[in-house]
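# Results of the structural survey
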Amino acid sequence: MTELAAVKAALKTQAVETPSWAYGNSGTRFKVFAQQGVPRTPQEKLTDAAQVHAVTGVAPTVALHIPWDKVDDYGALAKYAEDHGVKLGAINSNTFQDDDYKLGSICHPDAAVRRKALDHLLECVDIMDATGSSDLKLWFADGTNYPGQDDLRARQDRLAEALAEVYARLGHGQRMLLEYKFFEPAFYATDVPDWGTAYAHCLKLGEKAQVVVDTGHHAPGTNIEFIVATLLRENKLGGFDFNSRFYADDDLMVGAADPFQLFRIMYEVVRGGGYTDKVAFMLDQCHNIEAKIPAIIRSVMNVQEATAKALLVDREALGAAQRTGDVLEANAVLMDAYNTDVRPLLAEVRQEMGLDPNPIAAYRHSGWAEKIVEERVGGQQAGWGA
């Protein structure tokens, strides 16, 4: 197989999971903005996700968020997804929107609140059983706003205790993906603020516990690709939540603010052996002012482009330059790949997959946007409130 053929083959195996909540209404802390044609049910979210997969060919799964996607029969929901050409992916828990969680969830000083949060996490594992999902994704808004508000070490003890109980509940082929975020909504001390804290807990739990890297969850200037490289080296990188940020956790379209950073991350993924089904690539974005489905399609394409460039890096030439200490040549090799226009290559890949070479144009020509605006009238649109 030629080098180009190998790159094409790798791109055809790519899988980017789209999040159910990205199809619903979202906004800022001040206002959620409604759009026409937004899904009203989990089933309608899945039909929108199916449109993304139909035109990209690399978005085969959809992540659920509980209770935003709560249904009576999750087995039936899984079948509905498959009937429409996609499958259910990661199950995301929600321990941050109840009044009881004002001071935290599984780290809360009140044992009753901690039990409520833990029961929800165990419920999410039950949902995994019903849907066939392999990944439970955990993000906690837990933390404190003021010095002295709570015992920092005690909160870590509570966190470890809860995670251990959830870990023990995981079945064969299931795993726990622990996400971190350095601030918000807690501003003094967040209980899982960085990759080191998440890694420490996952390391103690065992091989079924791995770390999720959300690309918007770092302080300005953080070298995210270093984190990726380190977690891959330790076999503890479970997946990504891809998005983009200018200031904090902006949840913008991946690759919008810093496409070079996305390329650098994807290079470390490829170089570190993470371009496999063991590392989940998921979008985690909020499309507040742009049309949702086209934005998700564009985001998938942005990941594809960064991946294609990463696959084109001449690793032999790069390694030779690195070994001889040729700083400029090493950088030039990397930049040559980044500056390559991979859009024609990806168009070829899509055509070979039986797809339109232009996914955005294919969606526009499908008539889906007009269809959902016409049909989805009345009812309660999906969204996360505010």
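These numbers were taken from a predicted model, which means no experiment stands behind them.

### Focus on the environment of Leu 88
- One can find Leu 88 in strand β5 (residues 87-92).
- Taking the C-alpha atoms as reference points, Leu 88 and Cys 107, separated by 19 residues in sequence, lie 29 Å from one another.

### Some remarks on the packing of helix α8 (residues 259-271) against helix α9 (residues 292-311)
- At their nearest, the axes of α8 and α9 sit 8 Å apart, and the two run at 55 degrees to each other. Taken as axis vectors, α8 and α9 run oblique relative to one another. For the element pair α8 and α9, the recorded crossing hand is right-handed. Residues Leu 262, Phe 263, Met 266, Tyr 267 and Val 270 of α8 form the contact with α9, whose participating residues are Asn 302, Val 303, Ala 306, Thr 307, Lys 309, Ala 310 and Leu 311.
- Residues belonging to the contact of α8 with α9 are distributed by class as follows: 9 nonpolar, 2 polar and 1 charged.

### Thoughts on the pairing of β5
- Within β5, 5 of the 6 residues are buried, leaving the element largely enclosed by the surrounding structure.
- Where strand β4 (residues 61-65) lies against β5, 4 bridges are found, and the strand directions are parallel. Bridging from a neighbouring strand, Thr 61 pairs with Lys 87 of β5.
- Once you follow β4 into helix α3 (residues 74-83) and on to β5, the crossover reads as right-handed.
- Taking the sense of rotation as the criterion, the β-α-β connection linking β5, helix α4 (residues 111-131) and strand β6 (residues 135-138) turns out right-handed.

### Regarding the pattern of salt bridges
- Scanning all chains against the criterion turns up 27 salt bridges.
- Close ionic contact of Arg 115 with Asp 119 constitutes a salt bridge, the shortest N to O distance being 2.9 Å. Residue Arg 115 and its partner Asp 119 are both found in helix α4; the two are separated by 4 residues, about one turn of the helix.
- We classify Asp 119 as partly exposed; its relative accessible area is 40%.

### Structural notes on the side chain of Thr 190
- Here Thr 190 shows up in strand β9 (residues 189-190).
- Assessed through its relative accessible area of 13%, Thr 190 is described here as buried.
- At a separation of 3.5 Å, a polar atom in the side chain of Thr 190 contacts the main-chain carbonyl oxygen of Ala 186.
- Beyond its immediate chain neighbours, meaning those up to four positions away, Thr 190 contacts Asp 142, Gly 143, Lys 181, Phe 182, Phe 183 and Glu 184.

### A word on unusual backbone geometry
- With an omega of 15 degrees, the peptide bond running from Ile 66 to Pro 67 counts as cis.
- Considering the arrangement of structural elements, one finds Pro 67 in the loop between β4 and α3.
- Of note, the bond from Glu 184 into Pro 185 is cis; its omega dihedral lies within 30 degrees of zero at 5 degrees.
- Turning to its location among the elements, Pro 185 is positioned in the loop between β8 (175-179) and β9.

### Examining helix α10 (residues 315-323)
- Every buried residue belonging to α10 is among Leu 318, Gly 319 and Ala 321, and all of these are buried. When α10 is viewed along its axis, its buried side chains cluster within an angular range of 165 degrees and face the same direction. Residues of α10 that are exposed and angled more than 90 degrees away from the buried face: Glu 316 and Arg 323.
- Elements that come into contact with the buried residues of α10 comprise α8 and α11 (327-338).

### Some words on the packing of aromatic side chains
- Throughout the structure, instances matching the rule amount to 12 aromatic pairs.
- Pairing Trp 68 with Phe 96 gives two aromatic rings, centres 6.3 Å apart and planes at 85 degrees, and the pair type is edge-to-face. Here the residue Trp 68 occupies a position in the loop between β4 and α3, and Phe 96 occupies one in the loop between β5 and α4, the gap between them amounting to 28 residues.
- Classification of Trp 68 as partly exposed rests on a relative accessible area of 23%.
- Judged by its relative accessible area of 26%, Phe 96 is partly exposed.
- Centre to centre, the rings of Phe 96 and Trp 139 are 5.2 Å apart; their planes meet at 65 degrees, and the pair counts as edge-to-face.

### Some thoughts on the side chain of Lys 181
- Tracing the sequence through the fold places Lys 181 in the loop between β8 and β9.
- Look at Lys 181 and you get buried, because its relative accessible area is 6%.
- Residue contacts for Lys 181: discarding those within four places in its chain leaves Trp 139, Thr 190, Val 192, Pro 193, His 217 and Asp 249.

### Section: the sheet that holds strand β11 (residues 237-242)
- The strand order across the open sheet formed by 8 strands is β1-β4-β5-β6-β8-β10-β11-β12, and the pairing between neighbours is parallel. At either end of the open sheet lies a strand with only one pairing partner, and these are β1 (18-19) and β12 (280-283).
- Against the sheet, α8 contacts β11 and β12, and its axis sits at roughly 160 degrees relative to β11.
- Packed on one face of the sheet, α9 meets β1, β11 and β12 and runs near 145 degrees to β12.

### Notes on empty space enclosed by the protein
- Scanning all chains against the criterion turns up 1 cavity of 30 Å³ or more.
- In this model, the largest cavity occupies a volume close to 50 Å³.
- Around the largest cavity, the lining residues are Glu 17, Ala 90, Asp 135, Lys 137, Leu 177, Gly 239, Phe 240, Ala 280 and Met 282.
- At the level of elements, β6, β11 and β12 are the ones that each hand at least two residues to the lining of the largest cavity.

Rules of the game
Residues numbered from 1 in each chain as written. Predicted model: local features only at pLDDT ≥ 70, side-chain atom pairs only at ≥ 80, totals over all residues. Heavy atoms only, no water. Helix = DSSP H or I, 4+ residues; strand = E, 2+ residues; numbered from the N terminus. Axes fitted to C-alpha atoms, helices over the stretch in contact; angles between N-to-C directions. Parallel < 35°, antiparallel > 145°, perpendicular 65-115°, else oblique. Left-handed = near helix turned anticlockwise from the far one by under 90°. Contact = heavy atoms within 4.5 Å. Nonpolar A, V, L, I, M, F, W, Y, C, P; charged D, E, K, R; others polar. Buried < 20%, exposed > 50% of the residue type's maximum accessible area, 1.4 Å probe, protein only. Pairing = 2+ DSSP bridges. Right-handed = clockwise from strand over helix to strand, strands pointing away. Salt bridge = Lys/Arg side-chain N within 4 Å of Asp/Glu carboxyl O. Polar contact = N/O pair within 3.5 Å; in protein donor to acceptor, adjacent residues only side chain to side chain. Arc of directions from axis to C-beta. Phe/Tyr/Trp six-rings, centres within 6.5 Å; stacked < 30°, edge-to-face > 60°. 1 Å grid on protein atoms, 1.4 Å probe; cavity = no way out; pocket = protein on both sides within 12 Å on 5 of 7 lines; lining within 4 Å. Points joined across faces, edges and corners; volume = space filled by probe spheres on them.

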